[in-house]
Amino acid sequence: MGLYLGANFVAGYRRVGTFTAIRAKDSDEIVAKIGGNVALYFCTPDGRVLAAVAGVASRERVLEEARRAVSIAERAEAIGGDPESALRAAAAEAYADVDLPRHRRHAGDLGVDLVRWLTAKPGPPLEELGRRVWEEALGQRWSDAGIEIRVLSGCGPGCRR
Amino acid sequence: MSRWDLVRRLRLVLGLTLVLGVVPGAASGTDSVIPGPYDSTHGTAIEWADSPERAAAAAKASGKLLAVLHLAGELSDPGLT
């Protein structure tokens, strides 16, 4: 999968949320994490979302959506004309073919929500869809605040003093 | 690399394997499992620009598509990802 992603995509990341990390009292070790999540978007270079995966997913799911994005981009190029219209048309075609009950079995409710959103508005800007997914689908707070680190009081699970 | 650095990097590798389904070294055909201290792959099989804007500029220049990971935490800090 790494080869496929590397051949077709340039990857970047952004912290859009925060979580609480619990640190052991007398060490730097993080012993627990509360909250947090991930979402991965496959986009045109100008940030129009072609496909996405929300939450922890298998490599097969990630690869499936990466392939969908490549397929949509190729189809848009074949349609030609106005790039914006071609992209919307290609994405609309791709998502119209998704069998939702089957998709739900391996992508879950989150995956179905994403298909619905990408069908209703093909090729949305990443800033718009990303925030919606983070807040509505994943239930996270959109924030660039640093990670809160709490120090575990006492000596932690399994500790005998 | 200290023991704790090693443990943190192993954790990151395992976490990203679950999230992205990529195994370090698998695609490159190398035997490397533990990434270097400032490895922009962050233990995965692909390079990560530290912002979507930088990745987008590189995508435009190379004619590739753009992949953007949204996350809580710091991808560059194995202990806080």
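Rules and cut-offs
Residues numbered from 1 in each chain as written. Chains lettered and ligands numbered in written order. Predicted model: local features only at pLDDT ≥ 70, side-chain atom pairs only at ≥ 80, totals over all residues. Helix = DSSP H or I, 4+ residues; strand = E, 2+ residues; numbered from the N terminus. Expected span 1.5 Å × (residues − 1). Bend = angle between axes of the 7 residues up to and from the residue. Buried ≥ 20, exposed ≤ 12 C-beta atoms within 10 Å, placed from the backbone. Contact = placed C-beta atoms within 7 Å. Pairing = 2+ DSSP bridges. Axes fitted to C-alpha atoms, helices over the stretch in contact; angles between N-to-C directions. Nonpolar A, V, L, I, M, F, W, Y, C, P; charged D, E, K, R; others polar. Core = buried A, V, L, I, M, F, W, Y, C linked by C-beta atoms within 7 Å. Arc of directions from axis to C-beta. pLDDT = per-residue confidence, 0-100.

Peer 1: Got a minute to help me understand helix H4 (residues 100-120) of chain A in this structure?
Peer 2: The α-helix advances 3.6 residues per turn, and as a result positions three or four apart in sequence lie on the same side. Residue and element names in this part refer to chain A. When the terminal C-alpha atoms of H4 are compared, their 14 Å separation across 21 residues is substantially less than the 30 Å that a helix rising 1.5 Å per residue should span. The largest bend in H4 comes to about 125 degrees, at Ala107. Within H4, the full set of buried residues consists of Ala107, Gly111, Leu114, Val115, Trp117 and Leu118. Looking at the buried residues of H4, the elements they touch are strand E5 (49-54), helix H2 (59-79), helix H3 (83-96) and helix H5 (126-137).

Peer 1: Looking at this structure, how should I read the sheet that holds strand E4 (residues 38-43) of chain A?
Peer 2: Pairing between the strands of a sheet comes from backbone hydrogen bonds, and it takes one of two forms, parallel or antiparallel. If you walk across this open sheet you meet the five strands as E5(A)-E4(A)-E2(B)-E1(A)-E1(B), and the pairing is mixed. Two strands lie at the open edges of the sheet, namely E5 of chain A together with strand E1 (48-49) of chain B, each paired on one side alone. Here strand E1 (residues 9-17) of chain A pairs with E1 of chain B via two bridges, running parallel. Paired with Gly12 of chain A across the strands is Ala49 of chain B, a residue of E1 of chain B. Together, E1 of chain A together with E1 and strand E2 (65-72) of chain B form the strand contacts of helix H2 (residues 52-62) of chain B, whose direction differs from that of E1 of chain A by roughly 165 degrees.

Peer 1: Please explain the pairing of E2 of chain B as it appears in this structure.
Peer 2: Both faces of the sheet carry side chains from a regular strand, because those side chains alternate between them. Counting buried positions along E2 of chain B yields eight of eight residues, so the element is predominantly enclosed. Of the two faces of E2 of chain B, the one lined by Leu65, Ala67, Leu69 and Leu71 of chain B and the one lined by Leu66, Val68, His70 and Ala72 of chain B are each fully buried. The pairing of E1 of chain A with E2 of chain B spans eight bridges and is classified as parallel. Bridge pairing links Arg14 of chain A to His70 of chain B in E2 of chain B. Of the pairings in the sheet, the one linking E4 of chain A to E2 of chain B comprises six bridges and is antiparallel in character. Among the inter-strand pairings, Val38 of chain A is bridged to a residue of E2 of chain B, identified as Leu71 of chain B.

Peer 1: Help me out: how do you make sense of the interface of chain B and chain A in this one?
Peer 2: Note: interface size is frequently given as the accessible area lost on complex formation between the parts. Between chain B and chain A, the contact holds 37 residues from the first and 46 residues from the second. When residues of the side of chain B that touches chain A are traced back to their parent elements, those giving at least two are helix H1 (3-20), E1, H2 and E2 of chain B. Tallied by class, the residues present in the side of chain B that touches chain A amount to 25 nonpolar, seven polar and five charged.

Peer 1: Mind showing me how you'd approach the nonpolar core here?
Peer 2: Within soluble globular proteins, side chains that are nonpolar generally end up buried alongside one another. Core analysis: the largest hydrophobic core is formed by 53 residues, its most contacted members being Ala11, Phe42 and Ala52 of chain A together with Leu66 of chain B. Every residue in contact with Leu66 of chain B, bar those within four places of it in the chain, is listed here: Phe9, Val10, Cys43, Thr44, Pro45 and Gly47 of chain A together with Ala55, Ala56 and Ala59 of chain B.

Peer 1: Would you mind going over H2 of chain A with me for this structure?
Peer 2: Residues and elements named next belong to chain A. An ideal rise of 1.5 Å per residue puts 30 Å on 21 residues; H2 measures up with 30 Å between its terminal C-alpha atoms. Those residues of H2 that sit buried are Val62, Glu65, Ala66, Arg68, Ala69, Ile72, Ala73 and Ala76. The buried residues of H2 all sit within an arc of 155 degrees when viewed along its axis, so they share a single face. H2 presents Glu60, Glu74 and Ala78 as exposed residues on the side facing more than 90 degrees away from its buried surface. Gly80 occupies a position one or two residues after H2 and carries a positive phi of about 70 degrees.

Peer 1: Would you mind going over the confidence of the model for chain A with me for this structure?
Peer 2: Detailed reading of predicted coordinates is not advised where the pLDDT is low. Model confidence for chain A is summarised by a mean pLDDT of 88, while 92% of its residues fall at 70 or above. The weakest mean pLDDT in chain A belongs to strand E6 (residues 148-151) of chain A at 70; the strongest belongs to E5 of chain A at 97.

Peer 1: Would you mind going over the environment of Ala78 of chain A with me for this structure?
Peer 2: Residue and element names in this part refer to chain A. On the secondary structure map, Ala78 appears in helix H2. Overall, the presence of 9 C-beta atoms within 10 Å leaves Ala78 in the exposed class. As a C-alpha pair, Ala78 and Arg150 span 72 residues in sequence and 54 Å in three-dimensional space.

Peer 1: Help me out: how do you make sense of the environment of Asp50 of chain B in this one?
Peer 2: All names here are of chain B. Mapped onto the secondary structure, Asp50 falls in the loop between E1 and H2. Asp50 sits in the partly exposed class, given 14 other C-beta atoms within 10 Å. Taking C-alpha positions, Asp50 is 8.4 Å from Ser40, a pair spaced 10 residues apart along the chain.

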